[in-house]
Amino acid sequence: MTRSPLAEWPLPAFQLNNSFEVIDYSFEAEQLFGKPVEFLELLDEGSREKAQRMLTTQAENKPVELNFITTAGFFLADVYHRWNSDFSLNLVLVPKDGQMAAITAQLVRLRSRLKETDYELLKEKEHSDALLDKVRELSAPCIAIGNGYVLIPLFGNLNSEKVEAIRPHIVNRIYEFDAETVIVDLTAMGTVTQEGASYLESLVKTLRVMGIDAVITGVKPDHAQKLHVLKSELNLRFAASLEAVLSKAPSNKR
């Protein structure tokens, strides 16, 4: 099978035909599921009916929570979907918070052991570094959703430690996607510290230097208390939801 740029996506992703057969997938998806053929066979029985409803809907709706079966057990994810003009369907899986928490807990355990026996755990250190990269991706995945838009759903708490971890990843991924508009979604965000608000300010300024527009969605009342200053100083755009942004997107964008 000829692999497309989809193979390099940092999250599990699939391309299906109109019979819901898998015609392409990312390396992340291959690590979880092997070489998939039928998308519905990757789901547990309780998620298949929900997935069929999603797959037969041409309109782009909210992400759908589905439970997948892997060789390592169950895998819960929000699934974003988009139909292409050639009657194929792109899907991307964003792991739920529990997946990220499990990886983070494993990382903490490995780091603790490294302090005690550095020389015996060289292989473990390499593994922990790989887990740290995964945490960065899961904390702020960059998802191309078409027409020059890139979605960044942020998870957990936005503080100075997370800023240091995810900022290079975000800027590099946005550049690779050749984005025109970046949508930063705070729906799954917990606490926004003052350092986190400063990070958003710095990120928006960086994007504008790159010629990229930015929109913030999913703002909660406690987020608004930290972000209202940025709105006035940066003329920052806010929207109630991802759907609200996409509904106003010009149809002639690439």
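Our structure is the block above this text.
Values in this document were obtained by computation on a predicted structure and should not be read as measured data.

Let us look at the pattern of salt bridges. For the structure shown, the criterion picks out four salt bridges. We note a salt bridge from Glu30 to Lys35, for which the minimum N-O separation is 2.9 Å. Owing to a relative accessible area of 22%, Glu30 belongs among the partly exposed residues under this scheme. In this structure, the salt-bridge partner of Lys205 is Glu201, at a minimum N-O distance of 3.4 Å. Placement of both Lys205 and Glu201 in helix α6 (residues 194-209) is noted, with a separation of four residues, approximately one turn of the helix. A relative accessible area of 44% places Lys205 in the partly exposed class.

The subject of this paragraph is the packing of aromatic side chains. Going through the model one piece at a time under the given rule, you end up with six aromatic pairs. Ring plane angle 70° and centroid distance 5.9 Å describe the contact between Phe39 and Phe68, whose orientation is recorded as edge-to-face. Here Phe39 is found in the loop between α1 (27-33) and α2 (45-55), whereas its partner Phe68 is found in strand β3 (residues 64-70), with 29 residues between them in sequence. Take Phe39 and Phe68: they sit in the same class, and that class is buried. Relative to Phe75, the ring of Phe68 lies with its centre 6.3 Å away and its plane at 65°, an arrangement referred to as edge-to-face. The exposure classification of Phe68 matches that of Phe75, with both residues buried. Within the aromatic cluster, the residues linked to one another by ring pairs are Phe14, Phe33, Phe39, Phe68 and Phe75.

Moving on, we get to the sheet that holds strand β12 (residues 237-239). If you walk across this open sheet you meet the five strands as β6-β7-β9-β11-β12, and the pairing is mixed. Where the open sheet ends on each side, the last strands, each with one partner, are β6 (143-146) and β12. Taken over all neighbouring pairs, the strand axes of this sheet differ in orientation by 30° on average, direction set aside. Where β6 meets strand β7 (residues 149-153), three bridges bridge the pair, whose relative direction is antiparallel. Bridging from a neighbouring strand, Ala144 pairs with Val150 of β7.

Conventions adopted
- Residues numbered from 1 in each chain as written.
- Predicted model: local features only at pLDDT ≥ 70, side-chain atom pairs only at ≥ 80, totals over all residues.
- Heavy atoms only, no water.
- Salt bridge = Lys/Arg side-chain N within 4 Å of Asp/Glu carboxyl O.
- Buried < 20%, exposed > 50% of the residue type's maximum accessible area, 1.4 Å probe, protein only.
- Helix = DSSP H or I, 4+ residues; strand = E, 2+ residues; numbered from the N terminus.
- Phe/Tyr/Trp six-rings, centres within 6.5 Å; stacked < 30°, edge-to-face > 60°.
- Pairing = 2+ DSSP bridges.
- Axes fitted to C-alpha atoms, helices over the stretch in contact; angles between N-to-C directions.

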